[in-house]
Amino acid sequence: MKIASLVARYLLGFIFLVFGLNGFLHFIPTPPPPPGVAGDFMIALFESHYLVIIFLLQLIPAAFLLINRFVPLALVLLGPVIVNIICFHALMAPAGLPMALFVTVLWGLVAYGVRSAFAGLLQVQASETA
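Conventions adopted
Residues numbered from 1 in each chain as written. Predicted model: local features only at pLDDT ≥ 70, side-chain atom pairs only at ≥ 80, totals over all residues. Heavy atoms only, no water. Phe/Tyr/Trp six-rings, centres within 6.5 Å; stacked < 30°, edge-to-face > 60°. Lys NZ or Arg CZ within 6 Å of the ring centre and 35° of its normal. Helix = DSSP H or I, 4+ residues; strand = E, 2+ residues; numbered from the N terminus. Expected span 1.5 Å × (residues − 1). Buried < 20%, exposed > 50% of the residue type's maximum accessible area, 1.4 Å probe, protein only. Contact = heavy atoms within 4.5 Å. Axes fitted to C-alpha atoms, helices over the stretch in contact; angles between N-to-C directions. Left-handed = near helix turned anticlockwise from the far one by under 90°. Nonpolar A, V, L, I, M, F, W, Y, C, P; charged D, E, K, R; others polar. UniProt positions renumbered as here; feature names shortened; annotations may be inferred. Core = buried A, V, L, I, M, F, W, Y, C linked by side-chain atoms within 4.5 Å. Parallel < 35°, antiparallel > 145°, perpendicular 65-115°, else oblique.

**Quick notes on the packing of aromatic side chains**
Any pair of aromatic rings gets described here by the distance separating the centres and the angle formed by the planes. This model, assessed by the stated rule, comprises 3 aromatic pairs. We note Arg 9 situated over the ring of Tyr 10; from NZ or CZ to the ring centre the distance is 4.6 Å.

Okay, structure coming up:
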């Protein structure tokens, strides 16, 4: 399982590094927006410059994953991004859903590898400290 977590960490880091950098450098050709609500949503994200934040929230954790530093923090930062990607593809553009689910599985494998970092979050009752 340790090797699977390591491979998943590198794959996840590479995927988000490529797409985060592409948001700033535009080396992957951008297709026209899809028709309907998915296109309207993408246009709104682009015109409001909200995507700059999304690309930074992809790029910074990707670097953390690739250099094996602050991995739990990287997972916490990528979690909401992945949830939004899944929701977008599940509700508006289902063609990209397989890749979104693949990224989710990678995230889960990496999270399993560092599960001890999240042990405090998974307690039923909070322990009181003085």
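So much for the structure itself; the text now carries on.
**Comments concerning helix α4 (residues 71-91)**
Between its terminal C-alpha atoms α4 stretches 30 Å, which fits the 30 Å expected from 21 residues at 1.5 Å a residue. Those residues of α4 that sit buried are Val 71, Ala 74, Leu 75, Leu 78, Gly 79, Val 81, Ile 82, Phe 88 and His 89. Looking at the buried side of α4, the elements it contacts are α1 (2-25), α2 (37-47), α3 (50-67) and α5 (97-113).

**Things to note about the packing of α1 against α3**
Interhelical geometry of α1 versus α3 gives an angle of 145 degrees and a closest axis separation of 7 Å. Handedness of the crossing formed by α1 with α3: left-handed. Of the residues in α3, those in contact with Arg 9, Tyr 10, Leu 12, Gly 13, Phe 14, Phe 16, Leu 17, Phe 19, Gly 20, Leu 21, Gly 23 and Phe 24 of α1 are Val 52, Phe 55, Leu 56, Gln 58, Leu 59, Ala 62, Leu 65 and Leu 66. Looking at the contact of α1 with α3, its residues break down into 15 nonpolar, 4 polar and 1 charged.

**Observations regarding the UniProt feature "transmembrane region" (unreviewed entry) in the chain**
Those residues carrying the UniProt feature "transmembrane region" (unreviewed entry) are residues 7-28, 48-67, 74-93 and 99-122 in this numbering. Within residues 99-122, the helical portion is 62% and the strand portion 0%, while the C-alpha atoms at the span's ends are 28 Å from each other.

**Looking at the environment of Phe 102**
Its place among the elements puts Phe 102 in helix α5. Excluding anything up to four places from it in sequence, Phe 102 contacts Leu 11 and Ile 15.

**With respect to the nonpolar core**
Most often, soluble globular proteins have nonpolar side chains that are buried together. Core analysis: the largest hydrophobic core is formed by 18 residues, its most contacted members being Leu 12, Phe 16, Leu 65, Leu 75, Leu 78, Val 103 and Val 110. Where this core is concerned, the elements lending two or more residues are α1, α3, α4 and α5. The biggest single contributor to this core is α4, with 6 residues. Leu 65 has contacts with Arg 9, Leu 12, Gly 13, Val 71, Ala 74, Leu 78 and Val 110, leaving out every residue within four places of it along the chain.

**Details of the side chain of Asn 22**
Mapped onto the elements of the fold, Asn 22 is located in helix α1. With residues up to four places along the chain from it excluded, the contact list for Asn 22 reads Phe 27 and Ile 28.

**Focus: the environment of Leu 59**
Looking at the secondary structure, you find Leu 59 in helix α3. For the pair Leu 59 and Phe 19, spaced 40 residues apart in the sequence, the C-alpha separation amounts to 7.9 Å. Every residue in contact with Leu 59, bar those within four places of it in the chain, is listed here: Phe 16, Leu 17, Gly 20, Leu 21 and Phe 24.

**Quick look at the environment of Gly 39**
Within the secondary structure, Gly 39 sits in helix α2. Using a relative accessible area of 2% as the deciding quantity, one classes Gly 39 as buried. In sequence terms Gly 39 and Ile 86 are 47 residues apart; their C-alpha atoms lie 16 Å from each other.

**Re the packing of α3 against α4**
Orientation of α3 relative to α4, taken along the N-to-C sense of each, is 150 degrees, at an axis distance of 9 Å. Compared by their axis directions, α3 and α4 come out roughly antiparallel. Considering only the axes of α3 and α4, their crossing is left-handed. Between α3 and α4, the residues in contact are Leu 57, Gln 58, Pro 61, Phe 64 and Leu 65 and Val 71, Leu 73, Ala 74, Leu 77, Leu 78 and Val 81, respectively. Split by residue class, the contact of α3 with α4 holds 10 nonpolar, 1 polar and no charged.

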